[in-house]
Amino acid sequence: MANIIDGKLVSARLREEIKAEAQALAAAGRAPGLAVILVGEDPASQVYVKNKEKGCDEVGFYSEKYFLAEDTEESELLALIEKLNKDPKIDGILVQSPVPKHIDYKKVVDTIDPSKDVDAFSPVNVGKIMLGEYDLAPCTPAGVMELIASTGTDISGKNCVVIGRSNIVGKPMSMLLLHANGTVTVCHSKTANLKEVTRNADILVAAVGKADFVTADMIKPGAVVIDVGMNRNAEGKLTGDVAFAEVEKVASYITPVPGGVGPMTITMLLKNTLTARKLHT
Ligand code: NAP
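Colleague: Please give an account of the site of the ligand that cites residues and values.
Modeller: Around the ligand, 21 residues are found, and the nearest of them are Arg165, Ser166, Ser189, Met230 and Thr265. At a separation of 2.6 Å, an oxygen atom of the ligand approaches a polar side-chain atom of Ser189. Here Val228 contributes a backbone N or O atom positioned 3.4 Å from an oxygen atom of the ligand. Out of a free accessible area of 930 Å², the ligand has 72% covered by protein chains. Looking at the shell around the ligand residue by residue, the classes come out as nine nonpolar, ten polar and two charged.

Colleague: Quick one: what's the story with the nonpolar core, residue by residue and with numbers?
Modeller: Note on soluble globular proteins: their nonpolar side chains tend to be buried together. Judged by nonpolar contacts, the single largest core of 47 residues is most densely connected at Phe61, Val144, Leu177, Val205 and Ile226. When residues of this core are assigned to their parent elements, the largest contribution, seven residues, is made by helix α10 (residues 262–279). Contact partners of Ile226, with chain neighbours within four places excluded, come to Ile5, Val144, Leu147, Ile148, Leu204, Val205, Ala206, Thr255 and Val261.

Colleague: Give me the sheet that holds strand β7 (residues 203–206): which residues, what numbers.
Modeller: The strand order across the open sheet formed by six strands is β1-β11-β8-β7-β5-β6, and the pairing between neighbours is parallel. Two strands bound the open sheet, and with one partner strand each, they are β1 (3–4) and β6 (183–187). For strand β5 (residues 159–163) and β6, the ladder comprises five bridges, and the chain directions are parallel. Bridging across to β6, Cys160 finds its partner in Val184.

Colleague: Outline the environment of Glu74, supporting the account with residue identities and numerical values.
Modeller: Within the element layout of this structure, Glu74 appears in helix α3 (residues 74–86). Placed 25 residues apart in sequence, Glu74 and Val99 show a C-alpha to C-alpha distance of 10.0 Å. If sequence neighbours within four positions are ignored, Glu74 has contacts with His102, Ile103, Asp104 and Lys107. Here the side chain of Glu74 touches Asp104 through a polar contact of 2.8 Å, landing on its backbone nitrogen.

Quick notes on the rules
- Residues numbered from 1 in each chain as written.
- Predicted model: local features only at pLDDT ≥ 70, side-chain atom pairs only at ≥ 80, totals over all residues.
- Heavy atoms only, no water.
- Near = heavy atom within 4 Å.
- Polar contact = N/O pair within 3.5 Å; in protein donor to acceptor, adjacent residues only side chain to side chain.
- Areas by Shrake-Rupley, 256 points an atom, 1.4 Å probe, with all protein chains shown as cover.
- Nonpolar A, V, L, I, M, F, W, Y, C, P; charged D, E, K, R; others polar.
- Core = buried A, V, L, I, M, F, W, Y, C linked by side-chain atoms within 4.5 Å.
- Buried < 20%, exposed > 50% of the residue type's maximum accessible area, 1.4 Å probe, protein only.
- Helix = DSSP H or I, 4+ residues; strand = E, 2+ residues; numbered from the N terminus.
- Contact = heavy atoms within 4.5 Å.
- Pairing = 2+ DSSP bridges.

Take it as geometry only, folks, not as evidence of what the structure does.
Following this line, the structure appears as structure tokens:
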């Protein structure tokens, strides 16, 4: 039976470290500051924004939140970002996605000062990640790296397989594993013989968005299995991409859903805000 990787525990430990550094920075003059902007009334986004604010309070960050109406003009949102770019109290700016259809999200991301882009979505930060010269790490993949590290697994020389090639998870995930000297294969919907590829993985990261997609016969015995997926099943229950009950019998380490990758993402956002604060001294 696999060991369960406890994302809540890893996340709590990291938040303690972040809090200690934030306290030292506050004592030295200024705590890290995060501004979160939500346009519209999407209920799931409202929960995410509240959790981000809660996270800031927990680690002693200064935070501001902006709730803008659904029909806010794009120019008004961009003007707010420009104002926050110049605000010395603010180290990180996050615009909760999705934004309403009349707003060009790409323009929004391009307007955020790259040193305050704590999601690391801007072309400048994506380029830096590609080069391996980044300060701000993409939150979900960076959280996965922390979870792998918590198992004591050395990534160097290992076969790492990422299922999914999205800009926010799969692609940056593969880059972080590559920078850690993993031998990385990225799979997607056109990959032939997926099972043959995944059965070679010492470390498998699933970011597909399909419940129970990864089954036991796809797993190399003893593999570390990280489940990024967040799906709702027919009963509305949160499930991952990995068929947990059968895969835990084959893997050496596995993340549960919920309680695995999920708790790490906001923590890595806080870590990026702390890093951005250090860039702004
Ligand atoms: P996405 O943009 O929909 O990407 C899904 C990827 O899976 C695509 O690259 C797609 O391939 C690939 N795929 C789809 N069907 C496949 C198949 N049959 N075989 C192999 N690959 C297949 O999703 P995402 O934004 O990366 O998110 C992935 C999952 O992670 C979702 O469940 C999302 O909710 C979750 N997520 C969780 C967190 C967290 O904090 N825990 C954060 C972000 C995302 P193509 O490129 O060929 O279409």
